[in-house]
Each structure stands twice: as structure tokens, then as C-alpha cells.
Amino acid sequence: MTASVHSSETENAKSADYEVLIVGAGVTGLYQLHRAREHRWSVRLLEAGSGVGGTWYWNRYPAARTDSEAYTYGYFTPKELLAEWNWTEHFASQPELEAYFNKFVNDYDLRRDIEFDARVVSAVYSEVGSLWTVTTSNGKKFTATYLIAASGVLSVPFYPSFPGTDTFRGLTCHTATWPRDGVDLAGKRVALIGTGSSGVQLVPAIIDEVQSLTVYQRTPNWAMPLNNCALSAAEQEEIRSGYPALYERLQRTSGGFLHEDATKNAFDDTVEARRAHYEDLWNGRGMRAMFSTYADVLTNPAANADFSEFLAQKIRSIVKDPETADKLIPKDHGFGMKRPPLETGYYEAYNKPNIELVDLRENPILRFTTTGIESADTTREFDVIIYATGFDAFTGALTRMGIRGLNGVSLEKYWAEGPFTYLGVAVPGFPNLLIDSGPHGTFGNIPRSAEVQVDFVTGLVNHARSNGFNLIDAAEAAAEDWTAHVYEGAQHFAQSAGSWYVGGNIPGKAKKFLPYSWGIPIYREKLNEVANNGYRGFRFAHVAAEAAVS
Ligand code: NA7
């Protein structure tokens, strides 16, 4: 490294439109843009939608809300936003979250750096000058030294293919691309396919409005009450003054949630003590049961079965028809092996006269007809069919962007057998592609894990910038070690086969564990250690505009 900072930046500026392109204006990409501005990078953010918020821009279905306490989900920097913003409920609804991200963008004048309606359709790395050429759906081209993908882990909606879907003459929609003007469901015969978090939120929100609701369920989930409620002015004040202590706590807990990690094992308690603890969890807020049940609830099958049986009893006690209750109880996985939905009146909705639950294991969908859905038992007629069928999680957005690294290798092909990353932020052979929030790095309360990545990526780019480098690549051996470390942490999730944690929901997708399950504090520690050791595991170089990489 010989070039001075100034000469290197000038040279890059000559050969590329920007130093950095960020993809995605969701919770992660906006924070990355803010950090880019702080460090005066020349930057442009490319966003597929016409507005900001990512998940909270697209998922506008009734009752869409976060399962993280809102005050743990928002940004902790900049400080002004913390002081000014009031969350109105413990768990914020989609409109409130969208308003929050708009305020962030407006207050910090970020909008001028965002290109809307610009879905990335191709991103090709060139060794000459070490830069990315990115093409967007609106026909524009951009070049930059660094391409930072903040394209989200749950951002590519999945549509299962059923015969005849094109023939249905009524309305079809997906929870993840819900129309901006809403969908008129009043008095309609509605079908809902899918009972993950989105379906579980939607059912009680529409049951009183529709003429009939038929829920097509393939796999029931262990849903627990969200126990949301409004925040009083006094609580809002308390939250505002408690942010520093709250942030410290969120740095400590494995999921980056409020909820403390359990230290006791299930059978250290008596039956009575366990029962009392389970009741307390049932009446508690948010994702507490995932972290605070017992230390061995995910790792000891007997402990897992004990808690799962408590939940099964709860379902039986709420749902009046025993056959329906039984269908709603998962049989193929224990609590926590798949991401548990949080519910508000979901099980109660099955006591309404206008709901029907169709178990797809008994009655698979055979085809869509012009007027409804034919399943093995009968044909039902509908005005509206709603897909709540989830996402091609973690890798879906990255493998659909037309990313090509060194020698034209496609990321989609490179990851055909599962993702291969260093730290969840870099891929060997794809220089200067950096990932904020993707496979092998994301866990728990997404903004809290994403900020660890954004801060690391910001430091990494600054390190390269200030040392006159314009090429960052991950070493293959480092990625091998990291990928092995990710899989080692996945062993507890042995029953997750059908989950989006392992690509189990997408036909033909490699079945590999995708999140980083060691917890955010360990992740942060590992990333800090790499940064403090000169970004060990990365290769840096300076490539002149006309020269090829040696
Ligand atoms: P999820 O949790 O992936 O749920 C998708 C649902 O769709 C789930 O019940 C699936 O059943 C069902 N599904 C998927 N494919 C089919 C087919 N072919 N036939 C019938 N049913 C199908 O997505 P959500 O949007 O609810 O939530 C995603 C995350 O967003 C959530 O966990 C939170 O983190 C926020 P399956 O279980 O695969 O049998």
C-alpha cells in the first residue's frame, strides 16, 4: 500500500460513479446510508420500492406489526431521534413503522441519496479498476467500488405453484405485497394459504369482516400471545429516559431482545414451579419464551416436549372444537424449532362460526379453479385468495440480483449448495460485495443484529479507504472456517427441516442452516476480534483504474 488516502479517493472517483452503492432502503440499508453519510462516502442507495421501510413498506396487510418491542427495534443512534420519537404501542404496527422510517429519512435528509423504483437486476464486478456495474429495473446503470447489499432476509415473497392459479377469476394477493390502497374484504368469501407469522396476524384481523374465511394450513405453529397494549405518556417518558440502560441490555441478551437468557435448566425446577413459569411466559410480552423459558428448552428434547405440551394444553383450552384444536397443534416439531408466531386472538378466531380450517396434509390443494380452490375433499368457492406463504429467506434477494464476481462467476450458482460466507458479510471471489443482513450473520431482533454488521462493514470500508485500497476480498479458508462455525451452532435445530431457517419452505433450495444461531453478543465479539486484528481473513489491494488484479 503506497497511495495516499487523497490520491486513492480521487482515482476511484474518476473511475466509478460512487464509492458505494447500497441496495435496500429497509431498516438495515437506511442505517448503512446514515453511516455512509457520517463518513462522507460518495454513496447512492438503490431501492426496488417507491418508498422507504423495506419490510414495513411492503407488508401492509391488516394487523402487520413487529414481534420485537418497538423501542428495541428502532435506531439507537442518532440520539435526536430517540429523544423525539414516541412509540404508541409496545409492538408497533406497519403504519407507525413506516412513518418512523420516513421521519428518519426526512430528518437526516437521506432521501436525496436514494434512487426509488430501482430494483437491481444485474451487478457485475470488473477487475479493471475493481468496481461494480449495477443495472436497475428502471434501465439505469451505476458504477461503484463497493456494493453493499442490505436487501433483507425476508424480502422475496414466495408463491407456491398450484395447477390453475392463472385461471382463478377472483382477486389474489400476497401478504408481502399487499396493495397500498388495501383490499376490500368486507362480506367476501376469503381463502388464506399459510399459517406462519403473517397468516397468524391476519386471521383475527379480518375474521369479523369477511363473510367466510377458509384457512389452508400445511403445518401448524406454536403461536404464543403477543400481549400488546398501548403505551401511556408516563411509559413513553420512562422508555425515553431509560434508553442507555436498555441499549446495554440489548447488547447483552443473545437475541438482542429485552428478554434475558434463561440460566436454569427445565428439570432443575419442580413440576409446579415449571407450570408457574410457563404461565408467566404465556402472559408475558413478545418473544420472551424463545429466550427466557429454560436454558435447555431448545437443546434437551424432554425439556422441549414439556414446554410444548403446556402450549398444546393452552390451544386445547381456547379452541372449543377438539378436532380443530388438534389440527392446530404442531406434531412435527417442538417449540422454537421454527420461528414461533406471536398472536392476538388467533386461536379464539377458530371459535367463530364463519371460519374453517383445512388441513393440507389430509386435503392437499389439487388446483385453483376459475371460482375457487379444489382440494382432495371438495371444491370451495372464493372471491379472494390470500397467500401468506412466506419468503425465500436469507439468500433469496442476493441470488436474484444477477450478481457476478471474479471471472463472471454467478453468486446464484456459487451458492447453489448453500451460502458460503466469511462472517456473513463477504463471499470469497466476490470482491467488494459486502452484506448487511443475510445468511450466516443474522439472528434475533433484526435491527440489533444488522447494526453489528453495518458497523463492521463501515469500519472495513473505512479501513480500506484510509489505507489506499480499493479491493477487499475474503480468504477462502476464512470462509470455510466461518461456514463450519455457523453449522456447528445449528445442531440444536434438528427439527427445523421444514423451516425457512434451512430453506425448507422453498422447493429445490439447498437445505442448509441459514441464520447465525450463536447469538448477537458472540457475533459482535467475533467481528470485533477480526477488526482489531487488522481485518484478519480479508485480502486488501489497490487496483489502478486500467490495471487487472494480479
Ligand atoms: P412463514 O413463516 O414462512 O409462513 C409461510 C406459511 O405458508 C407457512 O404456514 C407455510 O407452511 C405455508 N406454505 C408455504 N408453502 C406452502 C404450500 N405450497 N402450500 C401450503 N402452504 C404453504 O412466512 P410469514 O410471512 O408468515 O412469516 C415470515 C417471518 O416474517 C416470520 O417468521 C417473522 O420473522 C416475520 P409450512 O410451514 O411451510 O408447511
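Residues numbered from 1 in each chain as written. Predicted model: local features only at pLDDT ≥ 70, side-chain atom pairs only at ≥ 80, totals over all residues. Heavy atoms only, no water.

- The name given to the chain in an unreviewed UniProt entry is Steroid monooxygenase, with the source organism recorded as Mycolicibacterium moriokaense.
- Under Sequence similarities (unreviewed entry), UniProt gives the following word-for-word description of the chain: "Belongs to the FAD-binding monooxygenase family." (UniProt positions renumbered as here; feature names shortened; annotations may be inferred.)

## Observations regarding the overall build of the chain
Then, number 1: Secondary structure assignment for the chain yields 19 helices and 20 strands.
Then, number 2: The C-alpha atoms of the chain give 24 Å as radius of gyration, which agrees with the globular expectation for 550 residues (24 Å, within 12%).
Then, number 3: Over its C-alpha atoms, taken along the principal directions, the chain stretches across nearly 75 × 55 × 45 Å.
Then, number 4: By residue count, 58% of the 550 residues in the chain fall in the buried class.
Then, number 5: Long-range pairs, those at least 24 residues apart, make up 72% of the contacts in the chain between residues at least 6 apart in sequence.
Then, number 6: Roughly 21,600 Å² of accessible area belongs to the chain as shown, and the carbon and sulfur atoms make up 51% of that amount.
Then, number 7: For the chain, the centre of its 50 positive side-chain charges and the centre of its 65 negative side-chain charges are spaced 2 Å apart. (Helix = DSSP H or I, 4+ residues; strand = E, 2+ residues; numbered from the N terminus. Rg over C-alpha atoms; globule rule 2.2 N^0.38 Å. Buried < 20%, exposed > 50% of the residue type's maximum accessible area, 1.4 Å probe, protein only. Contact = heavy atoms within 4.5 Å. Areas by Shrake-Rupley, 256 points an atom, 1.4 Å probe, with all protein chains shown as cover. Lys, Arg positive; Asp, Glu negative; His and termini not counted. Charge placed at Lys NZ, Arg CZ, Asp CG, Glu CD.)

## Re the nonpolar core
Then, number 1: In terms of nonpolar packing, the biggest core is built from 156 residues, with Trp 87, Phe 101, Leu 213, Phe 307, Ile 386 and Phe 538 touching the most fellow members.
Then, number 2: In contact with Leu 213, other than residues within four places in its own chain, are Val 190, Leu 192, Val 203, Ile 206, Ile 207, Asn 354, Ile 355 and Glu 356.
Then, number 3: Counting residues in hydrophobic clusters, the runner-up holds 13 residues, among them Val 358, Leu 360, Phe 382 and Tyr 387. (Core = buried A, V, L, I, M, F, W, Y, C linked by side-chain atoms within 4.5 Å.)

## Some words on the sheet that holds strand 15 (residues 379-381)
Then, number 1: Spatial strand order, 13-14-15: 3 strands in an open sheet with antiparallel pairing. Edge positions in the sheet fall to strand 13 (365-368) and strand 15, since each has one partner strand and no second. When the angles between neighbouring strand axes are averaged without regard to direction, this sheet yields 20 degrees.
Then, number 2: Sheet topology note: the strand 14 (residues 372-375)/strand 15 ladder contains 3 bridges and is antiparallel. Counted as the bridge partner of Gly 372 is Glu 381 from strand 15. (Pairing = 2+ DSSP bridges. Axes fitted to C-alpha atoms, helices over the stretch in contact; angles between N-to-C directions.)

## Some remarks on helix 9 (residues 243-252)
Then, number 1: Turning to helix 9, its buried residues are Tyr 243, Leu 246 and Leu 250. What you see down the axis of helix 9 is that its buried residues fit within an arc of 60 degrees, all on one side. Across helix 9 from its buried face, at more than 90 degrees, point the exposed residues Pro 244, Ala 245, Glu 248 and Arg 252.
Then, number 2: Where helix 9 is buried, its residues meet helix 4 (70-73), helix 5 (79-84), helix 8 (233-241), helix 17 (446-466) and helix 19 (520-532). (Arc of directions from axis to C-beta.)

## Some thoughts on the packing of aromatic side chains
By convention here, two paired aromatic rings are described through the distance between centres and the angle between planes.
Then, number 1: This model, assessed by the stated rule, comprises 42 aromatic pairs.
Then, number 2: Ring centres of Phe 257 and Phe 291 lie 5.4 Å apart, and the angle between their planes is 40 degrees; on these two criteria the pair is classed as tilted. Of this pair, Phe 257 sits in the loop between helix 9 and helix 10 (271-282) while Phe 291 sits in helix 11 (residues 288-292), and the two are 34 residues apart along the sequence.
Then, number 3: Where Phe 394 meets Trp 500, the ring centres are 5.8 Å apart and the plane angle is 40 degrees; that geometry is what we call tilted. Of this pair, Phe 394 sits in the loop between strand 16 (384-387) and helix 15 (396-399) while Trp 500 is found in the loop between helix 18 (476-489) and helix 19, placing the two residues 106 residues apart along the sequence. (Phe/Tyr/Trp six-rings, centres within 6.5 Å; stacked < 30°, edge-to-face > 60°.)

## Some points on the site of the ligand
Then, number 1: Surveying the vicinity of the ligand reveals 21 residues, the closest of which are Thr 195, Ser 197, Ser 198, Arg 218 and Thr 219.
Then, number 2: A distance of 2.8 Å is found between an oxygen atom of the ligand and a backbone nitrogen or oxygen belonging to Thr 195.
Then, number 3: Within the backbone of Ser 197, an N or O atom sits 2.9 Å from an oxygen atom of the ligand.
Then, number 4: If the ligand stood free it would expose 770 Å²; the protein chains cover 88% of that surface.
Then, number 5: For the shell around the ligand, a count of residues per class yields 9 nonpolar, 8 polar and 4 charged. (Near = heavy atom within 4 Å. Polar contact = N/O pair within 3.5 Å; in protein donor to acceptor, adjacent residues only side chain to side chain. Nonpolar A, V, L, I, M, F, W, Y, C, P; charged D, E, K, R; others polar.)

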